[in-house]
Amino acid sequence: MTAAAEFLSYSWVQALGWALLHFLWQGALLGLGAAGLMALPIFRTSQSRYGVALLTLCAMLAAPLCTLAVVYEPTLNLANPVANIPSDVSTPEAVPSVLHCVSREG
């Protein structure tokens, strides 16, 4: 496998690509919403239009980050399976009772 193909196989790269792709329609929708708000008579002053534009830009910054958080699914570490075990499983109380039944003798 080439270095580029290996890099693109990472789940975070794929999630980033989907987030940026979704940002195309999210940004367009936010821009249309801002343009619609600025067309209202209540937003005639430059200060109110500036506020709408600033809020829209903040929403445009947050949109791909929120999408990335929703789309990203980390892959399992197949080279080191122990790394895939959650840290809270170290106590016997955290292990389901089904596993205790399997490990009982006799």
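Everything below is about the structure printed above this text.
Cut-offs applied
Residues numbered from 1 in each chain as written. Predicted model: local features only at pLDDT ≥ 70, side-chain atom pairs only at ≥ 80, totals over all residues. Heavy atoms only, no water. Helix = DSSP H or I, 4+ residues; strand = E, 2+ residues; numbered from the N terminus. Buried < 20%, exposed > 50% of the residue type's maximum accessible area, 1.4 Å probe, protein only. Contact = heavy atoms within 4.5 Å. Areas by Shrake-Rupley, 256 points an atom, 1.4 Å probe, with all protein chains shown as cover. Axes fitted to C-alpha atoms, helices over the stretch in contact; angles between N-to-C directions. Parallel < 35°, antiparallel > 145°, perpendicular 65-115°, else oblique. Left-handed = near helix turned anticlockwise from the far one by under 90°. Nonpolar A, V, L, I, M, F, W, Y, C, P; charged D, E, K, R; others polar. Polar contact = N/O pair within 3.5 Å; in protein donor to acceptor, adjacent residues only side chain to side chain.

Chemist: Before we go on, may I ask you to explain the overall build of the protein in this structure?
Modeler: For the protein, the count of helices and strands is 4 helices and 0 strands. The linear arrangement of helices and strands in the protein, starting from the amino end, is α-α-α-α. Taken across its 106 residues, the protein has 12% of its residues classed as buried. At a minimum sequence separation of 6, the contacts of the protein that also span at least 24 residues come to 58%. Carbon and sulfur atoms make up 71% of the accessible area of the protein, which amounts to about 8500 Å² in all.

Chemist: Would you mind showing me how to read the packing of helix H2 (residues 11–39) against helix H3 (residues 46–71) here?
Modeler: When two helices pack together, you describe them by how their axes are tilted relative to each other and by the distance separating the axes. Remark: H2 packs on H3, axes separated minimally by 8 Å, with the N-to-C direction vectors making an angle of 155 degrees. As far as their axial angle goes, H3 and H2 are roughly antiparallel. Considering only the axes of H2 and H3, their crossing is right-handed. Considering only residue class, the contact of H2 with H3 consists of 17 nonpolar, 6 polar and 1 charged.

Chemist: I would appreciate a short explanation of the side chain of Gln26 in the present structure.
Modeler: Take Gln26: it is sitting in helix H2. Among the residues examined, Gln26 registers a relative accessible area of 14% and is labelled buried. Within the structure, the side chain of Gln26 is placed 3.0 Å from the side chain of Thr67, a separation counted as a polar contact. When sequence neighbours within four positions are dropped, the list of residues in contact with Gln26 reads Ala63, Pro64 and Thr67.

Chemist: Explanation requested: the side chain of Thr56 in the structure shown.
Modeler: With respect to the helices, strands and loops of the structure, Thr56 is situated in helix H3. A distance of 2.7 Å separates a polar atom in the side chain of Thr56 from the backbone oxygen of Val52. Beyond its immediate sequence surroundings of up to four residues, Thr56 is in contact with Leu30 and Ala34.

Chemist: Can you walk me through the environment of Pro64 in this structure?
Modeler: Turning to its location among the elements, Pro64 is positioned in helix H3. For Pro64, a relative accessible area of 17% gives the class buried. Discounting chain neighbours no more than four positions away, the residues touching Pro64 are Ala19, Phe23 and Gln26.

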